[in-house]
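Structure assessment
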Amino acid sequence: MTICAAVMCRVDKKRRQDAILCISDRMLTWGDEYQAQTKHKTKAFGLSPANALAFYTGNSNQHFAIVTKTHQRAIGEEITDVEKVARWYSRNLKVFEKEEGEAADIQAIVAGFDSGGPHIYRVDEKGYVRCFDDNGYCVIGSGTDLFASYFDRSGYTRFLGMHDALWLMYVAKGIAEADPFVGNVTDIFMICDGDNGRLPNAAKALKTYHKELDAKEREIIRKMRNDLRFRLVTEP
């Protein structure tokens, strides 16, 4: 089932410029059972001319068929409105079910910028579309509860700075990896007003910083072992 999330944040020092950060693993599902973690294929799909990306969990073949038709519609009608793209994904999901005679086993996040600013939409397996602009973030997949539990306790708001949001996302995704269906490969993307794309070195940098933090924690524990304040004092 994997995990994907989109998170709103602010990128400038005065926190006036919006951005959307997205994170995902690379676990793919084919049919009802076969799952694998790919080396080169990410879970992001561009939806130009809309400045938007689509992420998914569930059946890869179903999603490829649905998102391709959605992209073709966006190109043909020059759709730049993010909500319209999300609703076309929903419509194409229902058409797929009718034509193929099978229930869709996918959820999708459609995130991007349009004339109204940043938007995050979720399309569930029933085709229902929900806006997560007020929440500021959306997460889908089998690791959702683990990710969201940490995120909700972190003090996150949609006005959080980019680097704070990056760190929270990375740690939350790491916690979600306790779910056996969440992969340990991480991809990070950014959507800004006018552009979007993958941050190819972000996950590696965050992994390095996380190791530095682990080393500092181990050093603190070593100091605690020699701290007399943690020893039992027996009253005379």
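Refer to the preceding data block for the structure.
Residues numbered from 1 in each chain as written. Predicted model: local features only at pLDDT ≥ 70, side-chain atom pairs only at ≥ 80, totals over all residues. Heavy atoms only, no water.

**Re the pattern of salt bridges**
Inclusion rule: What counts as a salt bridge is simple: a side-chain nitrogen of Lys or Arg found within 4 Å of a carboxyl oxygen of Asp or Glu. Here a strand is any run of E in DSSP of at least two residues, a helix any run of H or I of at least four, and the numbering for each starts at the N terminus.
Overall, the coordinates contain nine salt bridges when judged by the stated rule. Here aspartate 187 makes a salt bridge to arginine 198, at a shortest N to O gap of 3.1 Å. In this pair, aspartate 187 sits in strand β11 (residues 187–192) while arginine 198 sits in strand β12 (residues 195–198), placing the two residues eleven residues apart along the sequence. The closest approach of N and O atoms between glutamate 219 and arginine 222, which form a salt bridge, is 2.6 Å. Of the two residues, glutamate 219 and arginine 222 are both situated in helix α5 (residues 202–225); the distance of three residues between them amounts to about one turn of the helix. One salt-bridge network, in which partners are shared between bridges, spans Arg26, Asp187 and Arg198.

**Some remarks on α5**
Cut-off, in case you're wondering: In a helix, the anticipated span is given by 1.5 Å times the number of residues less one. Only protein chains enter the accessibility calculation, which uses a 1.4 Å probe; a residue whose area is less than 20% of its type maximum is buried, one above 50% is exposed, and one in between is partly exposed. Whether two residues are in contact is decided by their heavy atoms: any pair within 4.5 Å suffices.
With 24 residues, α5 extends 35 Å from end C-alpha to end C-alpha; this agrees with the ideal 34 Å at 1.5 Å per step. Buried within α5 we find Ala202, Ala203 and Leu206. Of the surrounding secondary structure, the elements contacted by the buried residues of α5 are α4 (162–176) and β11.

**Let's talk about the packing of helix α1 (residues 60–77) against helix α2 (residues 82–100)**
For the record, the criterion: Fitted lines through C-alpha atoms serve as axes, helices being fitted only where they are in contact, and the angles separating the N-to-C directions of these axes extend from 0 to 180 degrees. An angle counts as roughly parallel when it lies under 35 degrees, as roughly antiparallel when it exceeds 145, as roughly perpendicular when it falls between 65 and 115, and as oblique in every other case. A clockwise turn of the near helix away from the far one marks a right-handed crossing, whereas an anticlockwise turn of less than a right angle marks a left-handed crossing. Any residue that is not Ala, Val, Leu, Ile, Met, Phe, Trp, Tyr, Cys, Pro, Asp, Glu, Lys or Arg is counted as polar, Gly included; the first ten are nonpolar and the last four charged.
Where α1 contacts α2, the axes come no closer than 9 Å and their chain directions differ by 130°. Judged by the inter-axis angle, α1 sits oblique to α2. Pair α1 / α2 crosses with right-handed handedness. Residues Gln62, His63, Ala65, Ile66, Val67, Lys69, Thr70, Arg73 and Glu77 of α1 lie in contact with α2, whose contacting residues are Val85, Trp88, Tyr89, Asn92, Leu93, Phe96 and Glu99. Its residues placed into classes, the contact of α1 with α2 shows eight nonpolar, four polar and four charged.

**Concerning the sheet that holds strand β8 (residues 117–123)**
As a reminder of what qualifies: Any two strands with at least two DSSP bridges between them are considered paired.
Spatially, the five strands line up as an open sheet ordered β5-β6-β7-β8-β9, and their pairing is antiparallel. Each edge of the open sheet is held by one strand with a lone partner, namely β5 (45–46) and β9 (129–131). Two strands pair when backbone bridges link them, and β5 and strand β6 (residues 51–58) are joined in this way by two bridges, in the antiparallel orientation. Along β6, the bridge assignment pairs phenylalanine 45 with alanine 54. Sheet strands in contact with α1 are β5, β6 and β7 (106–114), and its direction is about 160° off that of β6. Along the sheet, α2 makes contact with β7, β8 and β9, crossing β7 at roughly 160°.

**A word on the packing of aromatic side chains**
Our working rule: Note on aromatic contacts: the rings of Phe and Tyr and the six-membered ring of Trp form a pair at centre separations within 6.5 Å, being stacked when their planes are under 30 degrees apart, edge-to-face when over 60 apart, and tilted otherwise. Two conditions define a charge located above a ring, namely a distance within 6 Å from the ring centre to NZ of Lys or CZ of Arg, and an angle within 35 degrees of the ring normal.
Summed over the entire model, instances satisfying the criterion amount to eight aromatic pairs. Look at tyrosine 56 and phenylalanine 64: their rings are 6.2 Å apart centre to centre, the planes differ by 70°, and that puts the pair in the edge-to-face class. Taking the relative accessible area as the measure of exposure, phenylalanine 64 reaches 22% and is therefore partly exposed. Aromatic side chains phenylalanine 151 and tyrosine 156 sit 4.9 Å apart centroid to centroid with 45° between the ring planes, which places their arrangement in the tilted category. Members of the aromatic cluster, joined through ring pairs, are Tyr137, Phe147, Phe151 and Tyr156. Its guanidinium or amino end placed over the ring of tyrosine 56, lysine 43 lies 4.5 Å from that ring's centre, counting from NZ or CZ.

**Examining the packing of α4 against α5**
Between α4 and α5, whose axes approach to 11 Å, the crossing angle comes to 80°. Our classification of the angle between α4 and α5 gives roughly perpendicular. For the pair formed by α4 and α5, the contact residues are Leu166, Trp167, Tyr170 and Val171 on the first element and Ala203, Leu206, Lys207, Tyr209, His210 and Leu213 on the second. Classifying every residue of the contact of α4 with α5 by side-chain character gives eight nonpolar, one polar and one charged.

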